[in-house]
Structure formats: structure tokens, C-alpha cells
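Below, each chain spelled out in residue letters.
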Amino acid sequence: MYKKSVMTLLAAALSINFLCATPPEPAVDIVKHLEFLGYKATMDSKNIKAKHPKYFNIFLKKFRGGILVTAYYGATSYAASHRGKFLELINTLNREATAGRYYLDKDGDLVIEGYYPGTYHRTNFGTFLEAFNEERNHLAKHIKELEPFLK
């Protein structure tokens, strides 16, 4: 009985952590840094959204003592009907990845995530973003294979 209640409490705590997403700290400094790098950044109570004409459009949120950076690509109906082939291609992307991981979300869209551990430090975070944005070159290398799967 004790073991079951501890597991229930742990599961509840974990779900609350995921439901209460917040922007990384210090959010204002991160937004200014993103704007310096050419992003158009906005912040709400859940995350920072940053759009860039050349790099990934990203979402940033506080996550496990660091910052989770996420980019999304919508999937086509072809991707839904050829999920196995899409997953094989995603496995290839993951094998070759440097600063990101690739997976399908619950809607079947492509997600690219990178984790920046620890607290924000301007130089280190800039280096991390450079490495994360290199994943665009990685995607470009597979553009012909990706075309039928992504919007």
C-alpha cells in the first residue's frame, strides 16, 4: 500500500511539472539575446517563442534545471500513411544528429529538441544555439527524402 501511494504521488508530481511549463530564467535576458541574434522573440507565462528568417523557429521553456529548445515541422498526410518510412528517416536523422534529437509528436509532426543544461550564460547559450541551428544543415542534407513527409 505504501509503495503504491508513493508511486501515485510521484506520478502526480511529474505530471504537474510538465503541466506548469514556464519560460527559462532569466527570461528577459534570453529574449534580449535572441533579439540580438536576429530572432523576433515573445514571451508568455509558458515559454519564449522566437522566429528567425534563417534559423529554426523555436520555443524555449524551463526544463530539468536547464532550457529545452524545440522546433516543429508539420507533417503531411503522406507521412501519416507512411509512418514506418518516416520513422526510418527520423532514425537516420538521430544517428547523424549533433545537438538535437528528432521524434514524432502525438499528432505525427516532426519535433527537433535540444537541451541546454544549467543556468543561462550568454556565451555558452550562444554556442549552444549555433550548434542547435546546425541541425538545419543536417535536415538540408536529407531534403529530398524529407519533402514528401513535411509541409
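The shown structure was predicted, so the numbers you read here are calculated from the model rather than taken from an experiment.

Novice: Even after reading the chapter, I still don't get the pattern of salt bridges, so can you show me in this structure?
Specialist: Note that side chains of opposite charge can pair when their charged atoms are close. Scanning the model with the defined rule gives five salt bridges in all. Here Glu 25 and Lys 62 are joined by a salt bridge, their closest N and O atoms 3.0 Å apart. Note that Glu 25 is positioned in the loop between α1 (2-19) and α2 (27-36) and Lys 62 in strand β3 (residues 58-63), a separation of 37 residues in sequence. Given the relative accessible area of 56%, Glu 25 is considered exposed. The residue Lys 106 makes a salt bridge to Asp 107 at a minimum N-O spacing of 4.0 Å. Overall, the relative accessible area of 80% leaves Lys 106 in the exposed class.

Novice: Just to check I follow, could you spell out the sheet that holds strand β4 (residues 66-73) for this structure?
Specialist: What holds strands together in a sheet is hydrogen bonding between their backbones, with the strands either parallel or antiparallel. Taken in spatial order, the six strands line up as β1-β2-β3-β4-β6-β5 in an open sheet, and their pairing is antiparallel. Sheet topology places β1 (40-43) and β5 (101-104) at the edges, where each strand pairs with a single neighbour. Within this sheet the neighbouring strands show an average axis-to-axis angle of 25°, counted without direction. Where β1 and strand β2 (residues 48-51) come together, four bridges link them in antiparallel fashion. Each bridged residue has a counterpart across the sheet, and for Ala 41 the counterpart in β2 is Ala 50. Strand contacts of helix α4 (residues 83-96): β5 and β6 (110-117), with the helix running at about 170° to β5, the strand carrying the most contacts. Of the strands in this sheet, β3, β4 and β6 are in contact with helix α5 (residues 122-133), which crosses β6 at around 155°.

Novice: Before we go on, may I ask you to explain α5 in this structure?
Specialist: Helical periodicity: at 3.6 residues per turn, an α-helix aligns residues three or four positions apart in one direction. Counted at 1.5 Å a residue, the expected span for α5 with its 12 residues is 16 Å, and the 16 Å between its end C-alpha atoms agrees. Turning to α5, its buried residues number three or more, namely Phe 125, Gly 126, Phe 128, Leu 129, Phe 132 and Asn 133. The arc that holds the buried residues of α5, viewed along the axis, is 160°, so those residues lie on one side. Turned more than 90 degrees from where α5 packs its buried face, Thr 123 and Glu 130 sit exposed. Elements that come into contact with the buried residues of α5 comprise α2, β3, β4, β6 and α6 (135-141).

Novice: Would you mind going over the packing of aromatic side chains with me for this structure?
Specialist: Where two aromatic rings form a pair, the distance of their centres and the angle of their planes describe that pair. Taken as a whole, this structure holds 12 aromatic pairs when the rule is applied. Look at Phe 86 and Phe 149: their rings are 4.8 Å apart centre to centre, the planes differ by 5°, and that puts the pair in the stacked class. Of this pair, Phe 86 sits in helix α4 while Phe 149 sits in the segment after α7 (143-146), and the two are 63 residues apart along the sequence. Across this residue pair, the class does not change: Phe 86 and Phe 149 are buried. Among the aromatic residues, those joined into a cluster by ring pairs are Phe 56, Tyr 73, Tyr 116, Tyr 120, Phe 125, Phe 128 and Phe 132. Lying over the aromatic face of Phe 36, Arg 122 brings its terminal NZ or CZ to 5.0 Å of the ring centre. Sitting over the face of the ring of Phe 56, Arg 136 holds its NZ or CZ atom 5.9 Å from the ring centroid.

What counts as what
- Residues numbered from 1 in each chain as written.
- Predicted model: local features only at pLDDT ≥ 70, side-chain atom pairs only at ≥ 80, totals over all residues.
- Heavy atoms only, no water.
- Salt bridge = Lys/Arg side-chain N within 4 Å of Asp/Glu carboxyl O.
- Helix = DSSP H or I, 4+ residues; strand = E, 2+ residues; numbered from the N terminus.
- Buried < 20%, exposed > 50% of the residue type's maximum accessible area, 1.4 Å probe, protein only.
- Pairing = 2+ DSSP bridges.
- Axes fitted to C-alpha atoms, helices over the stretch in contact; angles between N-to-C directions.
- Contact = heavy atoms within 4.5 Å.
- Expected span 1.5 Å × (residues − 1).
- Arc of directions from axis to C-beta.
- Phe/Tyr/Trp six-rings, centres within 6.5 Å; stacked < 30°, edge-to-face > 60°.
- Lys NZ or Arg CZ within 6 Å of the ring centre and 35° of its normal.

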